[in-house]
Every structure is written in C-alpha cells, then in structure tokens.
Amino acid sequence: TPADQNLFYDKLCRAGNVGACYRQGWALWSRNKVSDRVAAIDLLEAACRSGSAEACAYEGVKLMDVPSRGSDAIVALERACLLNSGAGCAHLGFLHATGKLVAKDDKRAVARYVKGCDLGDARGCYNVGLMAEEGRGGAKDLARAAAKYDEGCRMGSSTACTNLGFLYERGHGVKLDKARAAALYQRGCDGTSCQPPNMTGCVNVGRAYRDGIGVPKDSA
C-alpha cells in the first residue's frame, strides 16, 4: 500500500534506519526551500556519521557550492569514498582534477576516479578514460582510455559513449570501426538513466549522416 514518503522515512529514521535518514534528507533537499535544505543537511550529516556512504556522497555534492561549507564537503566526500561509495570517490576525484576546494593533483584525481569506477560509478570510469586519453596523472594511454570509456558507456555514461565513438572513428587505441563509432555517437546522443543526452554525441551523429561515416549518407 502506498504510504506518505515523509512520514514513512521520518518514522524509520527515528527508529535508527540510516538509509531512511538519507532518503528523508534527499527528499527534503529536492523541495528547494531554504528551511528544508537546512534540515536536509542535518539529516544527511547524521546519516553519514552513522555509516551511510550514500548520505556522505550526497551531502558532499550539495555542500560543494555552498559558501563557507567547502571543507565540510571535502570531509563528507572523503568519508563517502572510504565507505566505498563510487559516486563519492568520483566526485572527490573531480575536485582534485579541477583544483576546486583542494589543491589540483591529477595523480590523486586518477586514484579516486579508478576507485569510483571499480565501485561501479559510470562517470568515474569516463574520467579514468579521459585522464588516460589526455595523459593526466600518468602516461597517455589510448588503449586504456578506450577500455574505460567502454566500461563507462556500458554502465550508462553518455559522455563515455561519445568519446569512445571518437576513438573508433579514428582508430585511436582501438581498431578503426566507423560503423561502431556512429552507433556509439547515437548512444551518447540518446542519453541514459545515468546521464542526459550528450550534445557532442548528437552533433557527431549528424556529422556521420552528413558525411557517410559508418552509415549511409542522409542529409535529411
């Protein structure tokens, strides 16, 4: 029987279910009210302290752009990664890769991305591929880039699908296969439940039909 989610989560959270506390915080944050978001952070912090990796990751992501809470965001994401949250590790990698809130450190970024990928985070895999393609945090390795893009694409990263298509179109790190490139561009353009459509993928699908790259030419 359907139940009121707020009452349901509140009851379970008060009974000590940290997963319910995380979900209650998630629901409150989505209301987009200042008072609800303050309450949401309190719930997420409590759930994080009690061992919810998902709560730590969500808290960290939401605090990244809150003035004066940058240090709290880092603490939350580090705990999330320690508790084996793939998303937490991937977001922590992003901070190190971009130098946001922490010193820029590509090697640390790669290590966090790799752990995130290993834990099943699609965007973590995409970023391992990107760093390998660009030679950041280690030697440039197009074969490794292709393998990680493939992993990320299969997990649901539309950006990884698009980037993998680019490698197949040019035969970089993989055997040249323009038909597969076009299919991957289409997959990137379609988007997934993990990520919205990748606009570069859509542009490349159009280019493929315009120029006959892996598909018959079709101007329309």
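Cut-offs and rules
Residues numbered from 1 in each chain as written. Predicted model: local features only at pLDDT ≥ 70, side-chain atom pairs only at ≥ 80, totals over all residues. Heavy atoms only, no water. Disulfide = S-S within 2.5 Å. Buried < 20%, exposed > 50% of the residue type's maximum accessible area, 1.4 Å probe, protein only. Axes fitted to C-alpha atoms, helices over the stretch in contact; angles between N-to-C directions. Helix = DSSP H or I, 4+ residues; strand = E, 2+ residues; numbered from the N terminus. Left-handed = near helix turned anticlockwise from the far one by under 90°. Contact = heavy atoms within 4.5 Å. Nonpolar A, V, L, I, M, F, W, Y, C, P; charged D, E, K, R; others polar. Expected span 1.5 Å × (residues − 1). Arc of directions from axis to C-beta.

Concerning the state of the cysteines
Across all of its chains, the model carries six disulfides by this definition. Residue pairing for Cys 117: its cysteine sulfur links by disulfide to Cys 125, the two sulfurs lying 2.1 Å apart. The chirality of the disulfide connecting Cys 117 with Cys 125 is right-handed, given an S-S dihedral of about 90°. Look at Cys 117 and you get buried, because its relative accessible area is 2%. One disulfide bridge connects Cys 153 with Cys 161, the sulfur atoms lying 2.1 Å from each other. Between Cys 153 and Cys 161 the sulfur-sulfur dihedral comes to about 95°; the bridge is accordingly right-handed.

Quick word on the packing of helix α8 (residues 122-134) against helix α10 (residues 158-170)
Where α8 contacts α10, the two axes come as close as 9 Å, and the packing angle between them is 35°. You can see that α8 and α10 cross each other, and the crossing is left-handed. Of the residues in α10, those touching α8 at Tyr 126, Leu 130 and Glu 133 are Thr 159, Ala 160, Asn 163, Phe 166 and Leu 167. Of the residues belonging to the contact of α8 with α10, the class tally is five nonpolar, two polar and one charged.

Quick look at the environment of Ser 193
Position of Ser 193 relative to the elements: it lies in the loop between α11 (178-190) and α12 (199-211). It is 30 Å that separates the C-alpha atoms of Ser 193 and Asp 211, two residues lying 18 residues apart in sequence.

Side note on α12
Every α-helix carries 3.6 residues per turn, so stepping three or four residues along brings you back to the same face. Look at α12: 18 Å from first C-alpha to last across 13 residues, which is about the 18 Å you get at 1.5 Å a residue. For α12, the set of buried residues is Gly 201, Asn 204, Val 205, Arg 207 and Ala 208. Down the axis of α12, the buried side of the element spans an arc of 165°, and every buried residue falls inside it. Among the exposed residues of α12, those pointing more than 90 degrees away from its buried face are Met 199, Val 203 and Arg 210. The positive-phi residue at the C-terminal boundary of α12 is Gly 212, with phi of around 70°.

A look at the side chain of Asn 204
By the element assignment, Asn 204 lies in helix α12. Among residues more than four places away in sequence, those in contact with Asn 204 are Thr 162 and Tyr 185.

What to know about unusual backbone geometry
Backbone phi values are negative for most residues with the exception of glycine, while trans is the configuration of most peptide bonds. Despite not being glycine, Ser 68 shows a phi value in the positive range, around 70°. Position of Ser 68 relative to the elements: it lies in the loop between α4 (53-63) and α5 (70-82). Ser 68 sits in the exposed class, given a relative accessible area of 72%. The backbone of Asn 84 sits at a positive phi, close to 70°, despite the residue not being glycine. The residue Asn 84 is located in the loop between α5 and α6 (86-98) in this model.

In short, shape yes, function no, at least from these values alone.
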